[in-house]
Amino acid sequence: MEVEEVYSSSELDKKEGKAINELIARSQETIPDPDEWLDEEIKRNILLTSVDAILDWARRSSMWPVFCFPACCAFEFITTAASRFDISRFGMEIVRASPRQADLMITAGTLTWKMAPQVKRIYDQMAEPKWVIAMGACAISGGIFRSSYSVVPGYNRIIPVDVYVPGCPPRPEALLHGIRMLHKKIAKESLFGEGK
Amino acid sequence: MLADYGYIGLLLAFAIFFAVTTLLLPLSLSLPARLVIYYRQLRQYLLMHHPILFNFLPSLPKFPRFMQVVPYNPNPVKSSTFECGMETIGKAWIRFNFRYYFYALVFIALDVLVVFLYPWAVDLKGLGLFGLIGVLILIFILFIGYIYAWKKRVLEWK
């Protein structure tokens, strides 16, 4: 990739503003949720179902969330990760700071357009297969800040979202329910078929 | 004795079952269909990883990725450097001021002095006058080096 030289903070600001405006122009439409295959008739190779079952079980039993907590829903996630609600019961207590080692993005909080390129970049750099849980009203639709010029009205403008967890903020139980829903979705995925 | 053989047999049966379900069955089932689609890929793969056919063992871990058991979708953004989601600016190969080198040297000398001072300070009374004289000699030697560095203008940043 070509690396542009930046020599001053004003140049950096201009470059960043240009990138943000391009992203806003590109993300006027919402990205459809990757769930069309869920309701369809299951067209899978019957002989491969045991392999699918093992792989899906392995994938959903050890999910690795990545750090993406721009705002206050992060505290509910922290509570979920702490001892009382304890997401390590689902094999995912370690939150990775690097997207290379993560396959789940729990987008907890309001996202501004200034932060959006970074979130999109982190999502792009995550290893596949990868999933996204949109946590809270702001992550779903922008929440009470929806009408603001600077707030992304829903993470599905920039990245495909698998599970939406409503609430402002959602209680830890709600997030756990969302995680369970994601587990159910992963359980339906097939190696060579739909939902890949 | 009989029970041990039973366990060994059970282990073998499980190993065979595991091999069949996770490796042989998916590979044997999907290979003919995929060979047509991925003929070029396979040829490239063979050319790259099998210059000699007997040399295939080291590349076995890559085979699940080739069969798309492990997804492999690289793109320029994904392959680029991760820097907390920010785009990286400039180059990593930049020049540092060479005066850091002198600072590092002086720091290491004083660091070693501290390492020797700690055990002496822990057993101060036990080591007595002999220890005190030894430490003074050590400090004197380092002090000469420090004065030398000072005189050579190492401590000035210009």
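Residues numbered from 1 in each chain as written. Chains lettered and ligands numbered in written order. Predicted model: local features only at pLDDT ≥ 70, side-chain atom pairs only at ≥ 80, totals over all residues. Heavy atoms only, no water.

**What to know about the overall build of chain A**
Which entries qualify depends on this criterion: Helix numbering and strand numbering both begin at the N terminus, where a helix is a DSSP run of H or I of at least 4 residues and a strand a DSSP run of E of at least 2. We call a residue buried when its accessible area falls under 20% of the maximum for its residue type, exposed when it is over 50%, and partly exposed in between, using a 1.4 Å probe and counting protein chains only. Here, residues are in contact when the closest pair of their heavy atoms is within 4.5 Å. Accessible surface area values rest on a Shrake-Rupley calculation with a 1.4 Å probe, where residue burial reflects the displayed protein chains alone.
Counting secondary structure elements, chain A contains seven helices and four strands. Traced from its N-terminal end to its C-terminal end, chain A shows the element sequence α-α-α-β-α-β-α-β-α-β-α. Across the 196 residues in chain A, those meeting the buried criterion constitute 42%. In chain A, of all internal contacts separated by at least 6 residues, the share reaching a separation of at least 24 is 80%. Approximately 10300 Å² of chain A is accessible, and the part contributed by carbon and sulfur atoms is 57%.

**So, the confidence of the model for chain B**
All names here are of chain B. Heads up, the condition is: Scored between 0 and 100, pLDDT is the confidence that the predictor attaches to each residue.
Scored by pLDDT, chain B has a mean of 80; 85% of the residues are at 70 or more. When pLDDT is averaged over each element of chain B, helix α6 (residues 124-151) comes out on top at 91 and helix α2 (residues 39-49) at the bottom at 69. Per the prediction output, this complex has pTM 0.65; the corresponding ipTM is 0.70.

**Side note on the environment of A:His183**
Residue and element names in this part refer to chain A. Position of His183 among the secondary structure elements: in helix α7 (residues 172-187). Considered as a pair, His183 and Met63 are 120 residues apart in the sequence and their alpha carbons are 9.5 Å apart. With sequence-adjacent residues up to four places away left out, His183 is seen in contact with Arg60, Met63 and Phe90.

**Let's talk about the pattern of salt bridges**
All names here are of chain A. Put simply, the rule is: One side-chain nitrogen of Lys or Arg within 4 Å of one carboxyl oxygen of Asp or Glu is enough to make a salt bridge.
Tallied over the entire structure, the rule returns four salt bridges over all chains. A salt bridge links Lys114 to Glu16, with the shortest nitrogen-to-oxygen separation between them at 3.2 Å. A residue pair is termed long-range when its members are at least 10 positions apart, and Lys114 in the loop between β2 (104-108) and α5 (116-125) and Glu16 in helix α1 (residues 9-26) qualify at 98 residues. The exposure class of Glu16 is partly exposed, given its relative accessible area of 23%. Between Arg171 and Glu173 there is a salt bridge, with the nearest N and O atoms lying 3.1 Å from each other. Taking the relative accessible area as the measure of exposure, Glu173 reaches 41% and is therefore partly exposed.

**Topic: the sheet that holds strand β1 (residues 65-66) of chain A**
Residues and elements named next belong to chain A. Test applied: Here the rule is simple: two strands pair whenever DSSP picks up at least two bridges between them.
Spatially, the four strands line up as an open sheet ordered β1-β2-β3-β4, and their pairing is parallel. Where the open sheet ends on each side, the last strands, each with one partner, are β1 and β4 (163-165). Both β2 and strand β3 (residues 131-135) contribute to a ladder of five bridges, which runs parallel. The partner of Leu104 across the bridge, within β3, is Trp131.

**Some remarks on the confidence of the model for chain A**
When pLDDT is averaged across chain A, the result is 85; 89% of the residues are at 70 or more. At the level of individual helices and strands, chain A shows its lowest average pLDDT in helix α2 (residues 36-39) of chain A, which scores 72, and its highest in β4(A), which scores 93.

**Description of unusual backbone geometry**
Cis geometry marks the peptide bond from A:Glu128 to A:Pro129, where omega comes out at 0°. Locating A:Pro129 in the fold gives a position in the loop between α5 and β3. Cis geometry marks the peptide bond from A:Cys168 to A:Pro169; its omega dihedral reads -10°. Along the chain, the position of A:Pro169 falls in the loop between β4 and α7. Of note, the phi angle at A:Asp86 is positive, near 60°, even though the residue is not glycine. The residue A:Asp86 is located in the loop between α4 (73-81) and β2 in this model. The exposure class of A:Asp86 is partly exposed, given its relative accessible area of 23%. Positive phi, normally seen in glycine, also occurs at B:Arg153, with a value near 60°.

**Some words on the side chain of A:Thr107**
All names here are of chain A. Position of Thr107 among the secondary structure elements: in strand β2. A relative accessible area of 0% means that Thr107 is categorised as buried. Once residues lying within four places of it in the same chain are set aside, the contact partners of Thr107 are Cys68, Val132, Ile133, Ala134, Met135, Ala139, Tyr155 and Ile159.

**What to know about the packing of helix α5 (residues 99-122) of chain B against α6(B)**
Residues and elements named next belong to chain B. For clarity, the threshold we go by: A fitted line through C-alpha atoms serves as each axis, taken over the contacting stretch for helices, and the angle formed by two N-to-C directions is quoted from 0 to 180°. Oblique is the label for every angle not falling under 35 degrees (roughly parallel), over 145 degrees (roughly antiparallel), or within 65 to 115 degrees (roughly perpendicular). Throughout this entry, Asp, Glu, Lys and Arg are counted as charged residues, while Ala, Val, Leu, Ile, Met, Phe, Trp, Tyr, Cys and Pro are counted as nonpolar. The remaining residues, Gly among them, count as polar.
Here α5 crosses α6 at 170°, and the two axes come no closer than 9 Å. The pairing of α5 with α6 is recorded here as roughly antiparallel in orientation. Residues Val106, Ala109, Leu110, Leu113, Phe116, Leu117, Pro119, Trp120, Ala121 and Val122 of α5 touch α6, and the partners they reach there are Leu124, Leu127, Gly131, Leu132, Val135, Leu138, Ile139, Leu142, Tyr146 and Ala149. Partitioning the contact of α5 with α6 into residue classes produces 19 nonpolar, one polar and no charged.

**Side note on the packing of aromatic side chains**
Under the convention used in this document: Only centres within 6.5 Å qualify two rings of Phe, Tyr or Trp (six-membered ring in Trp) as a pair; their planes then separate them into stacked at under 30 degrees, edge-to-face at over 60, and tilted for everything else. Lysine NZ or arginine CZ positioned within 6 Å of the ring centre and within 35 degrees of the ring normal marks a charge as sitting over the ring.
Tallied over the full model, the rule gives six aromatic pairs over all chains. Judged by centre distance (6.2 Å) and plane angle (80°), the ring pair of B:Phe98 and B:Phe102 falls under edge-to-face. Of the residues examined, B:Phe102 reaches a relative accessible area of 29% and is grouped as partly exposed. Aromatic pair B:Tyr101 and B:Phe102: ring centres 5.9 Å apart, planes at 55°, arrangement tilted. On the basis of relative accessible area, B:Tyr101 is assigned to the exposed category, the value being 54%. A network of ring pairs unites the aromatic residues A:Phe67, A:Phe69 and A:Phe77 as a single cluster. Residue placement shows A:Lys130 over the ring face of A:Tyr123; its charged tip is 4.5 Å from the ring centre.

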